[in-house]
Every structure is written in structure tokens, then in C-alpha cells.
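Coordinate inspection notes
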Amino acid sequence: MALISVSAFACTNIIVGKAASADGSVIVSYNADSYGMYGNIYWHVGGTHAAGEKRHVYDWDTNKYHGEIPQAERTYNVVGQMNENQVSITETTFGGREELWETEGIIDYGSLIYIALERATSARNAIDIMTSLIDKYGYCSEGETFSICDKNEAWIMEMIGKGKGEKGAVWVAVRIPDDCVSAHANQSRITRISQFDKKQVLYSKDVIKFARQKGYFTGKDADFSFRDAYAPNDFGAVRYCETRVWSIFNRYCDGMDKYVEYAKGNDLKGEMPLYIQPNRKIAVQDVMNGMRDHYEGTPFDIQNEIGAGPYNMPYRPTPLSWKDGDKSYFNERPVSTQQTAFCFVGQMRSNLPNTVGGISWVTNDDPNMAPFVPLYCSITSMPECFRKIADKQDDVTFSWNSAFWLQNTVSNMVYPYYDKMFPDLKAKREQLDSIFFEVVKKNDSWATQTDKEQIRKNATEQSQACATYMMKQWTDLFKYLVVKHFDMAVKNVDDQGNFKKTEHGLAEPPARPGYPEAYRKQIEKETGDKYLMKQ
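Residues numbered from 1 in each chain as written. Predicted model: local features only at pLDDT ≥ 70, side-chain atom pairs only at ≥ 80, totals over all residues. Heavy atoms only, no water.

**Here we look at the overall build of the chain**
To keep things clear, this is the line we draw: Helix and strand labels come from DSSP, where a helix needs a run of H or I of at least four residues and a strand needs a run of E of at least two; each type is numbered from the N terminus. Radius of gyration means the value over C-alpha atoms here, while the globule rule gives 2.2 Å times the residue count to the 0.38 power. It only takes one pair of heavy atoms within 4.5 Å for two residues to be counted as in contact. All accessible-area figures derive from a Shrake-Rupley calculation using a 1.4 Å probe, and residue coverage is judged against the displayed protein chains alone. His residues and chain termini do not enter the charge count, which takes Lys and Arg as positive and Asp and Glu as negative. A single reference atom marks each charge: NZ on Lys, CZ on Arg, CG on Asp, CD on Glu.
Counting its secondary structure elements, the chain contains 12 helices and 21 strands. For 535 residues, the compact-globule estimate of 2.2 N^0.38 gives 24 Å, and the chain sits close to it at 24 Å. Expressed along its principal axes, the backbone C-alpha trace of the chain runs to roughly 80 × 65 × 45 Å. Summarising the internal contacts of the chain: among those between residues at least 6 apart in sequence, 71% fall at separations of at least 24. Carbon together with sulfur atoms contributes 49% to the accessible area of the chain, which is approximately 23300 Å² in total. Here the chain holds 62 positive side-chain charges and 70 negative ones, and the gap between their average locations is 1 Å.

Dropping the structure here:
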């Protein structure tokens, strides 16, 4: 079984055009998945810069110093994956042909994203900036798919380097129609370029010529497929990656059954469309729930089987594959996964001023296990709970003041007892999501104010207040779960969630549910008479 090279980042994106969304927003999402990565929410303070000032380039994955480039005369505030102009950029790594990874460039994919966010005024401007940077300074990462969006347009751009001795990259960008939804998840998804409206496609001038030179493509220009040339499908590329896209599309579109065999990896020559028309208008909440997907109710559902353990946990430990003799096996890789460092849902609204319209909804863990906190793109400071602070709260320094460590503490307590404990977490998560949506709805009234600086002040205060409230509520949830599920028993609660007490003031004796019946039967089957009670 061929398996793709899985990058340290193995992520998922959803893109929703403005006419496909419930409120006219352009929406984009990003599960940033990486074992060991601290989920720092990116923060850049924009401003004007003096002539001769330099912008240093550090590799996002490794922190290795690559070099420096001239700083732009003007940069913009960046909050997570969105700047103050409501431009958002996210990514997934598809890898592609390994011989193209080693290049002479100094711009890695993460630096490319954040440099563009610091400088871009629109999605098209971001594409121009990114491709110009690569042409001038070179690209030094694996193949990447980028979601590049603003309050009016959404694009997918795919890029891969040219290999040893080369500096630039080949790339193609396709505009997602306003009434459509797209997704990508670590495999190249742009196939035959000629199928798209010429006015909605951009590409490097040598994207076909270079493929011919390398022997990746020999047909007519009209038949050229970026994916087939630079990242051909294999079993892992489909089953680990395209299956996630299938599941997302299946949530929003009818008729996805015809792609099941492809999504299973049984038909590697098949393909799903780059984008689909949804069967309803897609709300921000729908996108958030898409990022929480575990293939529930599909042929790929991973609950209710031996790998889920006694409490039907929809997560699997890594590595994703293993060998037994001469056979290879694998685990499903759903959208929602425990190694998510942070999740971002960008909501970009053209009917409101940028100071109010752009919202970075963020979590610092798998979004199935945490609520989304709204951070306005205009804020003038980042809540400390979302920041990485060396030796205070980082990837090796625990802090109760860190959203990353607090949310992961709760999640790691819930995972092994999922069926027992997740309902309590989900109820709190949904409560906070609902509260924060009401906060945003109320704050939309700021659009009538004329004082831009006052709006920024209000937005900063409200973002901080939401972050603080989440931290308090999640700390309380941690305490509640510890008390309620102490020592694998379950304390009794009333309809309001309060712990029941006896007439003498002590906690009622807890329930001791033991293993679920299905798991008990599995124990009986595997152990035979070993634990059979003698009559």
C-alpha cells in the first residue's frame, strides 16, 4: 500500500463563497494540525516602515532563520489568519513530488502566508504578493494548497517548488464561484486547468512547460492537470486526505454517494469536483461543525468499533499506519483530530466596515473539544491566553493562563472516557458558541458609528472579554468534570447540573456504570472462562 508523505502540518480547509453563505459572508476555515506544535494565534501590529528596513524570515515549522527581505512601506494588523482588510489566508500541505522540495529559495509556506497578510489589501493582491515574493526570493517548502479570501472573493492556489538548482515555483490559482463551497485536505485538488473559465484562473507562465521538461506531462495543453503532473494520487493521498473533502461535501451537498469508491481509495483515477453547489445556505456554525467532523453516519465512521475503545472515542493514536508481517494497515484520518494546534474560521462581511466585518473565530485545540472565540480583525492587542510567551506558556511550559494548555487539559481528560464525558463538554461548548454569536450580533450595531478608533477600542475590549469569559468557563468545566467523573464513577446531578446531596449534606453515592455492554461482551469473548464466576 502506497502512503503519502505526511507533513508535520496535516490540515483541513473549507471555503464558502458569499452567495453560498447564509449571511453573505465569505467564510474560510483552517484546522492547523501538528503534533507538538503550540497553538499560538499569530499577531502582527501594522504601520509604516522606514526605507531600508528589513523583514526577517524564519521557517514556520522549524524556526530556522532563512534570511531577510526588504520590509514593505506599509503593513497591516494581522489577527490569526486575517488582516485588518478582511483578507484571510490558510493552507494545507500536499507534499507532491519529493524531488521538487529542495530549492534555493528562502520563503517557506508559513512565512509566505504571514508576509502576504501583512501587506495585502485583497485576495487578488495577496496572490500577486505571494507569487512575486516566490519569483524574487524563491520557495523552500513542499507542495501547498492555499485558501486566499477576502470579503468578496475566494480563491484556491496550489504551488510547488522546482527542485535543486531552481529558485521559483510553479503554481495555479482558481476562483471559487460565489455560490459554491470548496475544501482541501493535504492533497492537490486542481486538476485540468482548461475546465475553468479563463477569467477565473491564474497560473505561472511555465506551469505546463516545466512539467513537460521534467517528464511529468506529455499530452495536449488542454489536457494538463496540475494534480496529475505535480502530486499524482496514491492510496494514502485519497484515503487520508480526499476522504475528508468527501465528508465535508457530503454535509453540504446531495449526491456524494457516487464518489464513495473514490473516497475509499478504490478508484484512484477518479476525482471529485474542486467545488460544489450546496443544498442550502451555509452558516458560520455549519463551517465550525464541518471542522468538528469525524465521518459520523458515513461509511468511514470510526466509532462503535474496536479501535474506538470501550467509550467510542472518535480519535486514533498516531502513527496512522502500521505493518504486521507483509501487510500494512491504517487508521482513518478524519477532519477533527487531537493534534490540532489551533482552529480558525474566518468570517469576512462586505456589508460592514472592516473594523466590524472581519472576525477571526479561534480555538486552541481540536474544535470538536472547544468553543470558538471571536477576535475582530481590527483589535489593537491580542488576548494573552492566545499568545506564545517563551518560558511562560509555550510548547514545553504549561500554564493555566494559556488557552492551548487549558483546552488540551480538558480534552485529554475526556478522550479516553468519550461517551461518558463528552456530553458535558459539548453542552458547555454549544453554550459558549451561542453566547459569542449573540455578542457578535449585538456588536454589528457598531457599523453605524463614525469614530473608527472607538470601534477598534470596542472591538479590542469585546474580544478580550470573550477570551477571558471562555477561560473562566473552561476552567470551571475542568473542575466540574473532575468532580462528576471522579475515579471512573459518575456523581448524580439534577436537571440544572448541580450535584445531588443526601439529607445529611453529603454527595449522593455515585453511579458505577462499568464498561458498556458491547465492550463487556468483547471481554467475555477474548478471555473465555478466565473471569467466569464459579457456581
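**Let's talk about the packing of helix α9 (residues 403–414) against helix α11 (residues 452–484)**
Heads up, the rule is: Each axis is a line fitted through C-alpha atoms, and for a helix only the stretch in contact is used; angles between axes span 0 to 180 degrees, taken between their N-to-C directions. Here roughly perpendicular refers to angles of 65 to 115 degrees, roughly parallel to angles under 35, roughly antiparallel to angles over 145, and oblique to all remaining angles. Here is the rule for handedness: rotate from the far helix to the near one, and if that takes an anticlockwise turn smaller than a right angle the crossing is left-handed, while a clockwise turn gives right-handed.
Contact geometry of α9 with α11 gives a least axis separation of 10 Å together with a crossing angle of 25°. If you check the angle between α9 and α11, you find them roughly parallel. Between α9 and α11 the crossing geometry is left-handed. Contacts from Ala403, Leu406, Gln407, Thr409, Val410, Met413 and Val414 of α9 reach α11 at Met470, Met471, Trp474, Thr475, Leu477, Phe478, Leu481 and Val482.

**What to know about the environment of glutamate 332**
Where we set the bar: The term polar contact refers here to a pair of N or O atoms within 3.5 Å; inside protein, the definition further demands a hydrogen-donor-capable atom paired with an acceptor-capable atom, and it admits residues adjacent in sequence only when both atoms are side-chain atoms.
If you trace the backbone, glutamate 332 turns up in the loop between β18 (327–330) and β19 (340–348). Residues glutamate 332 and threonine 243, spaced 89 residues apart in sequence, show a C-alpha to C-alpha distance of 8.9 Å. When neighbours within four sequence positions are excluded, glutamate 332 is seen to be in contact with Arg239, Tyr295, Phe300, Ile302 and Leu320. Within polar-contact distance, the side chain of glutamate 332 engages the side chain of arginine 239 at 2.5 Å.

**Remarks on the side chain of arginine 349**
Counted only if it meets this: Relative accessibility thresholds used throughout: buried, under 20% of the residue-type maximum; exposed, over 50%; partly exposed, between the two (1.4 Å probe, protein chains only).
Of note, arginine 349 is situated in the loop between β19 and α8 (354–357). A relative accessible area of 6% means that arginine 349 is categorised as buried. In terms of polar contacts, arginine 349 uses its side chain to reach the side chain of aspartate 444, at 3.0 Å.

**Side note on the layout of surface pockets**
Worth spelling out the cut-off: Site definitions follow a grid-based scheme: protein atoms alone, a 1 Å grid, a 1.4 Å probe that fits but cannot get out for cavities, and for pockets an open set with protein on both sides within 12 Å along at least five of seven lines, plus lining residues having an atom within 4 Å of a point. Grid points are joined across faces, edges and corners, and a volume is the space filled by probe spheres set on the points.
The volume enclosed by the largest pocket comes to roughly 750 Å³. Lining of the largest pocket is provided by 26 residues; of these, Asn40, Tyr42, Asp59, Trp60 and Asn63 occupy positions nearest its centre. Only β5 (54–58) and α1 (109–119) provide two or more residues apiece to the lining of the largest pocket. At 4 residues, α1 tops the list of elements feeding residues into the lining of the largest pocket.

**What about the packing of aromatic side chains?**
Heads up, the rule is: Stacked, tilted and edge-to-face are the three classes applied to pairs of Phe, Tyr and Trp rings, where Trp contributes its six-membered ring and a pair requires centres within 6.5 Å; stacked means planes under 30 degrees apart, edge-to-face means over 60, and tilted covers the rest.
Tallying each qualifying case throughout the model produces 30 aromatic pairs. Judged by centre distance (4.8 Å) and plane angle (50°), the ring pair of tyrosine 38 and phenylalanine 404 falls under tilted. Residue tyrosine 38 is located in the loop between β2 (26–33) and β3 (43–44), and its partner phenylalanine 404 is located in helix α9; the two are separated by 366 residues in the primary sequence. For the pair tyrosine 38 and phenylalanine 404, one class covers both residues: buried. Cluster of aromatic residues (ring-pair linked, three or more members): Tyr38, Phe398, Trp400, Phe404, Trp405 and Phe478.

**With respect to the environment of aspartate 529**
Along the chain, aspartate 529 turns up in the segment after α12 (517–527). Aspartate 529 gets classed as exposed once you look at its relative accessible area, which sits at 56%. For the pair aspartate 529 and aspartate 487, spaced 42 residues apart in sequence, the C-alpha to C-alpha distance is 28 Å.

**Regarding the sheet that holds β2**
This is how it is decided: Each pair of strands is called paired provided DSSP finds at least two bridges between the two strands.
One open sheet accounts for 7 strands, arranged β16-β14-β1-β2-β19-β20-β21; its pairing is antiparallel. Two strands lie at the open edges of the sheet, namely β16 (275–276) and β21 (373–376), each paired on one side alone. Strand direction decides the pairing type here: β2 and β19, joined by 8 bridges, are antiparallel. Following the sheet pairing, isoleucine 27 is matched in β19 by glutamine 347. Set on the sheet, helix α10 (residues 418–443) makes contact with β20 (359–363) and β21; between it and β21 the angle comes to about 30°.

**Considerations on empty space enclosed by the protein**
As a reminder, the rule being used: Three classes are used: nonpolar for Ala, Val, Leu, Ile, Met, Phe, Trp, Tyr, Cys and Pro, charged for Asp, Glu, Lys and Arg, and polar for all others, with Gly counted as polar.
A full pass over the atoms with the stated rule returns 1 cavity of 30 Å³ or more. Its volume calculated, the largest cavity comes out at about 90 Å³. Residue lining of the largest cavity: 14 residues in total, with Arg316, Glu332, Pro334, Thr337 and Gln338 positioned closest to the centre. Its residues placed into classes, the lining of the largest cavity shows 6 nonpolar, 5 polar and 3 charged.

**Remarks on the packing of α9 against α10**
One can describe the packing of α9 onto α10 by two numbers: an axis separation of 8 Å at closest approach and a directional angle of 145°. Between α9 and α10, the residues in contact are Val410, Met413 and Val414 and Tyr418, Met421, Phe422 and Leu425, respectively. The residue makeup of the contact of α9 with α10, split by class, is 7 nonpolar, no polar and no charged.

**A look at helix α2 (residues 123–137)**
Our working definition: A helix is expected to reach a length of 1.5 Å times the quantity of its residues less one.
In this model, α2 (15 residues) spans 21 Å end to end at C-alpha, consistent with the 21 Å of a helix rising 1.5 Å per residue. Where α2 is concerned, the buried positions are Ala123, Ala126, Ile127, Ile129, Met130, Thr131, Leu133, Ile134 and Tyr137. At the N-terminal boundary of α2, the capping side chain belongs to serine 122, with an oxygen 3.1 Å from the backbone nitrogen of asparagine 125.

**Section: the nonpolar core**
The criterion, for reference: In this description, a nonpolar core means a group of buried Ala, Val, Leu, Ile, Met, Phe, Trp, Tyr and Cys residues linked to one another through side-chain atoms lying within 4.5 Å.
Within the largest apolar cluster, 146 residues are counted, with the highest numbers of intra-cluster contacts made by Phe146, Ile148, Phe224, Tyr230, Trp361 and Phe386. With 9 residues, the single largest contributor to this core is α11. When near neighbours in sequence (up to four residues on either side) are disregarded, phenylalanine 146 contacts Ile89, Thr90, Glu91, Tyr109, Leu112, Ile113, Met130, Trp155, Ile156, Met157, Met159 and His184.

**Examining the pattern of salt bridges**
Stated formally: By salt bridge we mean one thing: a side-chain nitrogen of Lys or Arg within 4 Å of a carboxyl oxygen of Asp or Glu.
Within this structure, the stated rule accounts for 25 salt bridges. Where lysine 426 meets glutamate 430, a salt bridge forms, and the shortest distance between an N and an O atom there is 4.0 Å. On the criterion of helical spacing, the pair formed by lysine 426 and glutamate 430 is a turn pair, its members being 4 residues apart in helix α10. Residue classification places glutamate 430 among the partly exposed residues on the basis of a relative accessible area of 41%. The salt bridge partner of aspartate 476 is lysine 472, with a shortest N-O separation of 2.6 Å.

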